[in-house]
Amino acid sequence: MKIGFNADDEAFRQTVAAWMEQHLKGDFAPLRFRGGPGDEHSFPEERKAWERLLASGGWIGVGWAPEHGGRGLSLSRQVIFHEEYARAGGPGRMGHIGEGLVGPTLAAFGTTEQQARLLPGILAGTQFWCQGYSEPGAGSDLANVKTRAVLDDSGEHWLISGQKVWTSLAHEADWCFVLARTEPGSSGHHGLSFLLVPMAQASIRVQPIQQLTGTSEFNEVFFDQTPTATANLVGKPGDGWKIAMALLGFERGVSTLGQQMQFHNELDEIIRIAKDNGAARDPILRQRIAQAWAGLKVLRYNSLRMLSGPQDGSLRKEAMIYKLAWSTWHLELGKLAMDVLGSEAEILDAGPYALSRLQSLFLFTRADTIYGGSNEIQRNIIAERALGMPREPRLRG
Ligand SMILES: Cc1cc2nc3c(=O)[nH]c(=O)nc-3n(C[C@H](O)[C@H](O)[C@H](O)COP(=O)(O)OP(=O)(O)OC[C@H]3O[C@@H](n4cnc5c(N)ncnc54)[C@H](O)[C@@H]3O)c2cc1C
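Residues numbered from 1 in each chain as written. Predicted model: local features only at pLDDT ≥ 70, side-chain atom pairs only at ≥ 80, totals over all residues. Heavy atoms only, no water.

A.B. asks: Explain helix α4 (residues 96-109) here, please?
C.D. replies: Along an α-helix, residues three or four positions apart point the same way, because every turn accommodates 3.6 residues. Taking 1.5 Å of rise per residue, the 14 residues of α4 would be expected to cover 20 Å, and the 19 Å separating its terminal C-alpha atoms lies within 8% of that figure. At its buried positions, α4 is contacted by α5 (112-123), β1 (129-132), β4 (175-181), β5 (192-198), β8 (233-234) and α6 (240-250). (Helix = DSSP H or I, 4+ residues; strand = E, 2+ residues; numbered from the N terminus. Expected span 1.5 Å × (residues − 1). Contact = heavy atoms within 4.5 Å.)

Now the structure itself:
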């Protein structure tokens, strides 16, 4: 399938742009270009209100199937929506984990009861989610998950005990999807289950972690015999690994194009500063800016190629290179921003952590090559699964 934009699509582009212009103003004007990775702590309540407004305009779940309450827009129009959203400076989406990860996962693996119960809150912009995968001993080696869940005596609840870490937005979330070991004595990919857990419970403790940027957008999350109803198990006991991996596949979805538009905004700001402060006259910096621009074009074409494949959570070869490609590109952009700013890059406007957007960009890009699978792990995936090279020795199956 090829992605192209016809005249009707371009009219749709105008509709999205006009909606954004009409709504991202007044009380919502301060949200322009705010939120998102590295800035998630900003305006949480206002961004939740923005989610509700988006929902009222029918702009959540634009790519979801109509039977799940979505608009069922064509891929081209989804691309347009995400591009125009980011072009207008639409704030980082508080609901992106629900909309981009949980929704497609429930559509693929959830029961009709789970879909009917949980998808409407995502679509309405009223229910927010976080991802409970990583643990102190289970990051790259995710199959080492130790958090366990056992059925209580009534057989109606799973009781979860253990610790998750780096859980983004757990402090804002209503629900967490938790990868937990439900088969005692199991190891590796086996015996894991995918559980949905309401966060408003006394037996859950959320402990913020301060980041390099001085802010806290991720957390440690402790579960102490935390109950969740058996109706909140997705798939069967033991299906957890399969579902967890499919969910990660959905991460490479259409919103990647919106992310690229944000990168575009950042590059534009760097170019503007380079012109203002004379850095653009430096031949090396000029060359690096041109390389950044070309690299962004390559990311876009790769994304379009990736999105032309099936959107079922399977990881095709184009998708396997994408995380490594964008995170490495973005890391270089952070360095370029600092070099363009020159000595100004080292000056804070007001006190510790009063970071400018580009200073924050530089610091947060350190995390880009870690979360969602580190660059080293991405290279292993490419070597083994795309290129068919011998598997790295592993301690377990
Ligand atoms: C900003 C941010 C947000 C995050 N949000 C979430 C979230 O919401 N939910 C969640 O569950 N997790 C989240 N994470 C966690 C993230 O998924 C993990 O940090 C990541 O998987 C790496 O795991 P780790 O931190 O345990 O590092 P480790 O796995 O301990 O790795 C340490 C280093 O060793 C390298 N390494 C490990 N294994 C190999 C290998 N086999 N070959 C070569 N090198 C290797 C890694 O590349 C890395 O450089 C987030 C992380 C960050 C930075």
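A.B. asks: How should the side chain of R47 be read in this particular structure?
C.D. replies: As for its placement among the helices and strands, R47 is situated in helix α2 (residues 44-56). A distance of 2.7 Å separates the side chain of R47 from the side chain of E40, its partner in a polar contact. Beyond its immediate stretch of four places on either side in the chain, R47 contacts L31, G35, G36, D39, E40, S42, P91, G92, R93 and M94. (Polar contact = N/O pair within 3.5 Å; in protein donor to acceptor, adjacent residues only side chain to side chain.)

A.B. asks: Is there a simple way to think about helix α9 (residues 317-341) in this case?
C.D. replies: In this model, α9 (25 residues) spans 37 Å end to end at C-alpha, consistent with the 36 Å of a helix rising 1.5 Å per residue. Taken across its 25 residues, α9 has 18 buried, putting it largely inside the fold. Positive phi appears at G342, one or two residues downstream of α9, with a value of about 65°. (Buried < 20%, exposed > 50% of the residue type's maximum accessible area, 1.4 Å probe, protein only.)

A.B. asks: Whenever I open this one, the site of the ligand confuses me. Can you help?
C.D. replies: Around the ligand, a shell composed of 19 residues is seen, among which S134, S140, W166, S374 and E376 lie nearest. Taking Q131, its main chain carries an N or O atom lying 2.8 Å from a nitrogen atom of the ligand. Surface burial for the ligand is 68%, taken as the share of its 970 Å² of free accessible area covered by protein chains. Residue assignment for the shell around the ligand shows that the elements contributing at least two residues are α10 (357-368) and α11 (375-386). Considering each element in turn, the shell around the ligand owes the most residues, three residues, to α11. Classifying every residue of the shell around the ligand by side-chain character gives eight nonpolar, nine polar and two charged. (Near = heavy atom within 4 Å. Areas by Shrake-Rupley, 256 points an atom, 1.4 Å probe, with all protein chains shown as cover. Nonpolar A, V, L, I, M, F, W, Y, C, P; charged D, E, K, R; others polar.)

A.B. asks: For this particular structure, what's the right way to read the packing of helix α7 (residues 255-277) against α10?
C.D. replies: Helix packing for two helices is described by the angle between their axes and how far apart those axes are. Between α7 and α10, the least distance of the axes is 11 Å, while the angle of their chain directions is 125°. Overall, the two elements α7 and α10 adopt an arrangement that is oblique. The handedness of the crossing between α7 and α10 is left-handed. For the pair α7 and α10, contact is made by N265, E266, E269, I270 and I273 and by R357, L358 and L361, respectively. Tallied by class, residues from the contact of α7 with α10 come to four nonpolar, one polar and three charged. (Axes fitted to C-alpha atoms, helices over the stretch in contact; angles between N-to-C directions. Parallel < 35°, antiparallel > 145°, perpendicular 65-115°, else oblique. Left-handed = near helix turned anticlockwise from the far one by under 90°.)

A.B. asks: Explain empty space enclosed by the protein to me, please; I cannot follow it from the model alone.
C.D. replies: Sizing a probe to match a water molecule and rolling it over the atoms shows the empty space that remains. Inspection of the entire model under this criterion finds one cavity of 30 Å³ or more. Considered as a void within the structure, the largest cavity measures approximately 30 Å³ in volume. Surrounding the largest cavity, E51, I60, R93, G95, G98, I122, G125, Q127 and F128 form its lining. Across the lining of the largest cavity, the residue classes tally to three nonpolar, four polar and two charged. (1 Å grid on protein atoms, 1.4 Å probe; cavity = no way out; pocket = protein on both sides within 12 Å on 5 of 7 lines; lining within 4 Å. Points joined across faces, edges and corners; volume = space filled by probe spheres on them.)

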